[in-house]
Amino acid sequence: MPVLPGAEPYRHEGGEAGVLLCHGFTGSPQSLRPWAERLAAHGLTVSLPLLPGHGTRWEDMQLTGWQDWYAEVDRELRALRERCGEVFVAGLSMGGTLALRLAAKHGDAVSGVIIVNPANKMHGAAAHALPVVRHLVPSTKGIASDIAKEGSEELGYDRVPLHAAHALRNLFRQVDRELPQVTQPLLLLRSPQDHVVPPADSARILGRVSSRDVTEILLEQSYHVATLDHDADRIFEESLAFIGRLAPSVGKEGTAAGG
């Protein structure tokens with residue numbers, strides 16, 4: 001299936017500091033494209049891949065699992081490491097979950113973690129029924145475009161494929177066990193008014209990681225897809241400040257040397 005217009009992956013060759021951006025479940029790179037472009041404008045090398053099964057039609061996700069999604073970002077991270085001296089991982093929602101796993105698995109190869117409304121658990125009785133229901137019902141109502149800003153829309157599926165949702169549940173369990181292995185500086189930005197991921201997920205993540213350098217920022221004017229919402233500029237600027245503080249190759253203005 002062809003990739004939907006706007007859902008294409010994005011890459012930019014910049015300086016010695018690189019950022020890997022991971023989009024969310026049933027979403028696409030479109031939700032993080034403005035963030036990626038802002039980082040690139042400041043001279044950073046940026047990779048924003050399209051996860052397998054995403055960006056086409058929801059039926060394609062039925063054939064993928066969390067191992068496929070993680071393998072894609074893992075490959076991108078390794079490629080960035082060959083190109084850059086410092087690499088940061090970032091993500092929205094499930095993309096934050098994937099970023100945390102990259103940090104847990106790659107250790108010092110990751111210089112810092114930036115996550116926006118990260119997901120950690122599938123809540124409610126329906127989650128417990130998934131192992132059986134997914135064989136009876138192919139999909140349920142979509143979760144895309146939880147945005148407060150009028151006129152802003154997320155390019156994502158209007159249905160959630162239940163085989164993929166079951167895989168997502170397994171990913172959450174896997175990463176929750178690995179959170180103590182996350183030691184890197186962590187910037188977590190979350191929306192108090194999030195209709196997709198509850199605040200308990202961020203609290204759980206902050207309580208389980210081993211990072212000592214931790215910053216939590218509230219995005220008061222945004223819903224779940226905050227990267228396309230009223231607080232988007234704040235996310236971008238806080239990210240640049242976080243990277244600039246940690247990466248020697250990034251100057252005070254957030255511009256990567258040599259970019």
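It should be noted that the structure appears before, not after, this text.
Cut-offs applied
- Residues numbered from 1 in each chain as written.
- Predicted model: local features only at pLDDT ≥ 70, side-chain atom pairs only at ≥ 80, totals over all residues.
- Heavy atoms only, no water.
- Pairing = 2+ DSSP bridges.
- Helix = DSSP H or I, 4+ residues; strand = E, 2+ residues; numbered from the N terminus.
- Axes fitted to C-alpha atoms, helices over the stretch in contact; angles between N-to-C directions.
- Expected span 1.5 Å × (residues − 1).
- Buried < 20%, exposed > 50% of the residue type's maximum accessible area, 1.4 Å probe, protein only.
- Arc of directions from axis to C-beta.
- Contact = heavy atoms within 4.5 Å.
- Phe/Tyr/Trp six-rings, centres within 6.5 Å; stacked < 30°, edge-to-face > 60°.
- Lys NZ or Arg CZ within 6 Å of the ring centre and 35° of its normal.
- Salt bridge = Lys/Arg side-chain N within 4 Å of Asp/Glu carboxyl O.
- Right-handed = clockwise from strand over helix to strand, strands pointing away.
- Core = buried A, V, L, I, M, F, W, Y, C linked by side-chain atoms within 4.5 Å.
- Polar contact = N/O pair within 3.5 Å; in protein donor to acceptor, adjacent residues only side chain to side chain.

If you trace the seven strands from one edge of the open sheet to the other, you get E1-E3-E2-E4-E5-E8-E9, paired in mixed fashion. Each end of this open sheet is capped by a strand with a single partner; those strands are strand E1 (10-12) and strand E9 (214-218). Each strand of the sheet is rotated relative to its neighbour by a mean of 15 degrees, with strand direction disregarded. Note that strand E4 (residues 86-92) and strand E5 (residues 112-116) share five bridges and pair parallel. Looking at the pairing, Phe88 lines up with Gly112 of E5.

As a further point, take helix H8 (residues 232-246). When the terminal C-alpha atoms of H8 are compared, their 22 Å separation across 15 residues agrees well with the 21 Å that a helix rising 1.5 Å per residue should span. Of the residues making up H8, those classed as buried are Ala232, Ile235, Phe236, Ser239, Leu240, Phe242 and Ile243. All buried residues of H8 project into a common sector of 165 degrees when viewed along the axis, lining one side. Against strand E2 (17-22), helix H1 (33-41), E4, E5 and strand E8 (186-190) lie the buried residues of H8.

Looking now at the packing of aromatic side chains. Taken as a whole and judged by the stated rule, the model has two aromatic pairs. Judged by centre distance (5.8 Å) and plane angle (65 degrees), the rings of Phe25 and Trp69 are edge-to-face. Taken together, the residues span a long stretch of sequence, with Phe25 in the loop between E2 and H1 and Trp69 in helix H3 (residues 66-83) at a distance of 44 residues. Each member of the pair, Phe25 as well as Trp69, is classed as buried. Pairing Phe88 with Phe242 gives two aromatic rings, centres 6.3 Å apart and planes at 70 degrees, and the pair type is edge-to-face. Residue Phe88 is located in strand E4, and its partner Phe242 is located in helix H8; the two are separated by 154 residues in the primary sequence. The pair formed by Phe88 and Phe242 is uniform in burial state, with each residue classed as buried. A cation over a ring is seen here: Arg101 above Tyr70, with NZ or CZ 4.6 Å from the ring centre.

Here the focus is the pattern of salt bridges. Summed over the entire model, instances satisfying the criterion amount to 16 salt bridges. Arg38 is the partner of Asp233 in a salt bridge, and the nearest nitrogen-oxygen pair spans 2.6 Å. A residue pair is termed long-range when its members are at least 10 positions apart, and Asp233 in helix H8 and Arg38 in helix H1 qualify at 195 residues. Taken together, the shared-partner salt bridges connect Glu13, Glu16 and Arg83 into one network.

Mapped onto the secondary structure, His230 falls in the loop between E9 and H8. Note: C-alpha distance between His230 and Glu220 (ten residues apart in sequence) is 8.9 Å. Beyond its immediate chain neighbours, meaning those up to four positions away, His230 contacts Ala148, Lys149, Gln221 and Ser222.

All right, on to the pairing of E9 then. A regular strand places its side chains so that they alternate between the two faces of the sheet. Where E8 and E9 come together, five bridges link them in parallel fashion. Within E9, the position partnered with Leu189 by the bridge is Ile217. The handedness of the E8 to E9 crossover, carried by helix H7 (residues 199-208), is right-handed.

Once that is clear, we can look at the nonpolar core. Residues Phe25, Trp69, Leu98, Leu100 and Val113 are the most contacted members of the largest nonpolar core, which totals 44 residues. The set of elements that each furnish at least two residues to this core consists of E2, helix H2 (58-61), H3, E4, helix H4 (94-106), E5, helix H6 (162-178) and E8. Of all the elements, H6 adds the most residues to this core, at eight residues. Residues in contact with Val113, not counting those within four places in the same chain, are Val89, Ala99, Leu100, Ala103, Gln184, Pro185, Leu186, Leu187 and Phe242. With 33 residues, the next largest nonpolar core counts Leu39, Ala90, Val225 and Leu228 among its residues.

Positionally, Leu188 belongs in strand E8. Since its relative accessible area comes to 0%, Leu188 is described here as buried. Along the chain, Leu188 and Gly96 lie 92 residues apart, while their C-alpha atoms are 9.2 Å from each other. Apart from residues lying up to four places away in sequence, Leu188 is in contact with Ile115, Pro118, Ser202, Ile205, Leu206, Thr215, Glu216 and Ile217.

It is worth spelling out the side chain of Glu72 at this point. Summarising the element assignment, Glu72 is placed in helix H3. The class for Glu72 is buried, based on a relative accessible area of 14%. Only 2.7 Å separates the side chain of Glu72 from the side chain of Arg75, close enough to count as a polar contact. Sequence-distant contacts of Glu72, defined by excluding residues within four places in its chain, comprise Pro49, Leu50, Leu51 and Pro52.

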